[in-house]
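# Analysis of the macromolecular model
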Amino acid sequence: MKLRTVAFLLLCLTSAAGFAAPPERPEGVALVLSGGGARGVAHVGVLKVLEDMRIPVDCIVGTSMGAIVGGAYAAGMELEDMVRVIHAVDWGQMFANSVPREDQPFRDKQEGARNRSAIVMGYGNGGLRLPQSAISGQAMDRFLTRLAGSAEVLDSFDTLSLPYRAVATDLETGELVLLDKGPLWRAMRASMAVPGVFLPIENDDRLLVDGGLVMNLPVDIGRELCGGRVIAVNLGTPPHPRDRLRSATDIALQAINLALEQNVRQQLQRLGPDDALIQVNLPNVSSRDFDRVLETIPPGTEAALRQSASLSRFSVDAETYAKWQALRQIRWKRPAPTVTAVKIDGLKVVPERLFDTAMAQKVGEPLDARRLEQDIGRIYERGDFDRLRYSVLHDGPRATVQIEADEKASGPNLLRFGGGFSADFEGDSQVGVYAGFSRRWLNTRGGRWDVDMQLGTTNRLRSELFQPFDLDSGWFVAPSFELFNRVLPVFVDGRKLSENKERGGLFGLDAGYEVGMWGELRAGWRRGRRWSEVVSGPELYPERHIEDGWLQASAVLDRLDSPFFPRRGYAARLRAELHSPSFGADERYLFTELDSNAAVSFGPNIWQLRGMLAGSPDHDLPEVGRTLLGGPFRLSGYRYGELAGDQVALASAAYLRQITRLPDALGLGVYAGATAEWATLRNYGSSLTPDPGNRRAVSLFLGADTVLGPVYLGASYSPELGEVRYYLQVGQPQ
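Residues numbered from 1 in each chain as written. Predicted model: local features only at pLDDT ≥ 70, side-chain atom pairs only at ≥ 80, totals over all residues. Heavy atoms only, no water.

## Brief notes about the packing of helix α2 (residues 42-52) against helix α3 (residues 65-75)
- Where α2 meets α3, the axes come as close as 10 Å, and the angle between the chain directions of the two elements is 40 degrees. Viewed along their axes, α2 and α3 form a crossing whose handedness is right-handed. Together, H43, V44, L47 and E51 of α2 and G66, V69 and Y73 of α3 make up the contact between the two elements.
- Partitioning the contact of α2 with α3 into residue classes produces four nonpolar, two polar and one charged. (Axes fitted to C-alpha atoms, helices over the stretch in contact; angles between N-to-C directions. Helix = DSSP H or I, 4+ residues; strand = E, 2+ residues; numbered from the N terminus. Left-handed = near helix turned anticlockwise from the far one by under 90°. Contact = heavy atoms within 4.5 Å. Nonpolar A, V, L, I, M, F, W, Y, C, P; charged D, E, K, R; others polar.)

## Considering the environment of V707
- Examined against the element boundaries, V707 turns out to sit in the loop between β29 (693-706) and β30 (709-718).
- The spatial distance from the C-alpha of V707 to the C-alpha of A118 is 6.3 Å, given a sequence separation of 589 residues.

## A look at the sheet that holds strand β13 (residues 398-407)
- The strand order across the open sheet built from three strands is β11-β13-β12, with neighbouring strands paired in mixed fashion. Strands with a single pairing partner mark the edges of an open sheet, and in this sheet they are β11 (338-345) and β12 (385-395). Taking each pair of neighbouring strands and ignoring which way they run, the sheet shows an average axis angle of 20 degrees.
- Direction of pairing for β12 relative to β13: antiparallel, over a ladder of 10 bridges. Following the sheet pairing, L388 is matched in β13 by A405.
- Against the sheet, helix α8 (residues 184-191) makes contact with β12 and β13, and its axis sits at roughly 140 degrees relative to β12, the strand it touches most.
- Strands β12 and β13 of the sheet are contacted by helix α15 (residues 369-380), whose axis makes an angle of about 155 degrees with β12. (Pairing = 2+ DSSP bridges.)

## What to know about the pattern of salt bridges
- Within this structure, the stated rule accounts for 55 salt bridges.
- Its salt-bridge partner being E464, residue R462 comes within 3.3 Å of it at the nearest N-O pair.
- Classification of E464 by relative accessible area gives buried; the value is 5%.
- Between R526 and D510 there is a salt bridge whose closest N-O contact spans 2.7 Å. Here R526 is found in strand β20 (residues 519-536), whereas its partner D510 is found in strand β19 (residues 495-515), with 16 residues between them in sequence. The pair R526 / D510 is uniform in exposure class, with both members buried. (Salt bridge = Lys/Arg side-chain N within 4 Å of Asp/Glu carboxyl O. Buried < 20%, exposed > 50% of the residue type's maximum accessible area, 1.4 Å probe, protein only.)

Spelled out as structure tokens, the structure:
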């Protein structure tokens with residue numbers, strides 16, 4: 001998390017001034033819930049004790065995570081349902097700034113698998129466009145919408161199951177902002193929008209961020225709202241001792257904690273003898289430990305039970321409490337209204353008809369909140385929006401669905417960068433630097449233009465126009481053009497004797513069908529020419545000019561959760577090329593390839609399997625058409641391109657264990673692993689190495705899943721060679 005911005009604001013903003021003494025009001029009970037990040041789920045444990053002790057409250061006021069738990073409860077949500085929703089959340093994805101790979105558009109997955117989108121930024125109005133925050137908050141918004149239930153838009157939070165207020169901070173003035181009307185999810189979201197981490201929330205012409213900056217325990221507001229008595233729940237984070245202040249992050253967190261505790265202490269002094277304070281101690285859980293949120297509920301319960309003597313004076317008899325609870329539930333379970341209109345605000349480039357074609361929730365039908373949420377999720381996963389939220393404006397039995405669309409700040413023009421290099425410490429290496437440009441929404445049918453450039457061992461300039469038939473159709477056409485040149489090593493008996501350069505160009509036309517987010521079927525025609533020449537060493541292969549033309553078909557399936565360190569899922573690619581004089585080729589041959597892999601994990605332990613079959617069933621291939629093996633995970637004990645075959649079969653098994661996590665700004669995890677690889681290669685009569693035969697390799701490696709792509713450092717051994725070789729790979733060079 002980007003903490004420097006937060007620390008700066010906390011140190012610069014003054015604490016909220018004290019409120020004037022409230023006028024006399026009928027005595028009620030206000031439940032006041034403090035902020036605390038991941039620690040805030042402990043409020044659920046406190047609420048459980050209040051219910052067991054039959055303690056009704058008359059209003060709820062919360063800050064940050066206290067506003068979230070308090071808002072859901074004020075809306076009428078039952079605690080069992082709240083725990084179930086919290087338990088089902090993928091907290092890692094909640095604070096990610098990207099869609100899970102399984103839900104990404106197919107083309108985005110393929111770019112990521114080749115490490116072509118390690119860095120993505122927009123371009124427009126003569127300059128670069130960067131993200132506005134570390135986390136867009138789309139997953140958090142969907143989570144809060146679920147908690148809000150049917151209380152989407154209200155004239156006043158006084159009409160919830162319980163009157164409710166959320167505390168936020170005006171980012172421009174530093175003033176406290178009290179949120180008292182809907183949408184409810186927006187109030188909860190604004191109260192916990194940590195600056196620099198989540199995007200600020202615009203509300204009534206104000207830019208709102210986390211309320212903890214000015215009042216983390218809003219006792220005064222609770223007393224003002226309900227009158228007489230207050231039950232305050234404080235999750236304050238005690239300062240760490242010197243020996244735990246070991247990094248810049250630790251120091252920044254310490255500054256935040258100290259600043260928050262200042263305004264908390266002011267509010268604690270406002271508690272009187274008729275009030276109750278529940279102090280929850282969570283010494284081993286920090287505000288960032290969202291993977292441990294369920295661990296905080298029992299300490300919340302224990303803290304409330306320790307105060308059972310002071311809480312008992314708030315208890316009522318069973319009949320009174322049952323009536324209070326029944327009223328709370330009636331307001332929660334409201335009948336679904338009929339949707340009379342769907343309004344969309346904020347669109348600039350994306351056509352409104354995208355929503356018409358993608359939404360299953362239709363005008364004239366009863367509101368189905370779950371289906372509407374799924375619709376919004378599918379549209380967001382297309383990658384055109386930073387945030388996509390909805391609210392439901394009730395008008396008796398009718399309702400209008402209001403969608404707020406924040407298109408990506410980067411705009412429809414995207415610049416993508418990636419690539420990498422690999423070396424085997426014996427003088428052989430591969431290098432590839434990638435840059436690409438994508439223009440989305442060329443037209444209202446979803447047309448897209450991509451230009452890709454790669455420099456290094458292989459140089460390539462490629463352009464493709466991808467044109468769907470329509471927004472709700474998987475069918476597409478894709479004309480393309482490509483220029484290329486690459487260096488191919490020529491090995492004989494393990495020695496690199498020469499290098500050939502292949503250069504050329506081609507154009508093609510494909511038609512195909514995208515199978516949802518996870519697959520593609522494609523067929524097309526290619527026509528081009530290529531030149532081959534020797535750049536070093538003897539002329540082992542003749543220099544020649546080749547006219548080429550072929551029909552090709554492919555089927556791709558990709559359901560892996562990560563392209564480089566998958567923990568679950570499977571992927572497969574089947575490709576066939578028929579080269580023939582009928583299509584403009586000098587030679588006739590058939591080339592086929594099937595490449596598949598799968599992954600399964602058990603805790604930190606991961607098993608991966610891969611299999612590949614490639615080549616011609618019965619024909620010599622031109623030297624540039626043979627399949628090359630060697631290098632990391634393609635017979636790791638061999639040098640890059642050391643083995644070539646007209647027919648190749650490769651199988652490998654890998655075991656990985658995650659040994660640590662990386663800081664969010666650097667990546668995901670670090671792994672230790674091992675592979676066992678086996679291959680058989682066959683060549684026909686014209687090859688320099690007629691029959692390479694069976695080959696084996698094993699390797700040990702350390703790997704890291706970083707924001708710039710995969711990093712591997714390993715050692716490998718082949719029994720056929722009888723020697724250990726080492727390799728380093730950063731990113732994906734090809």
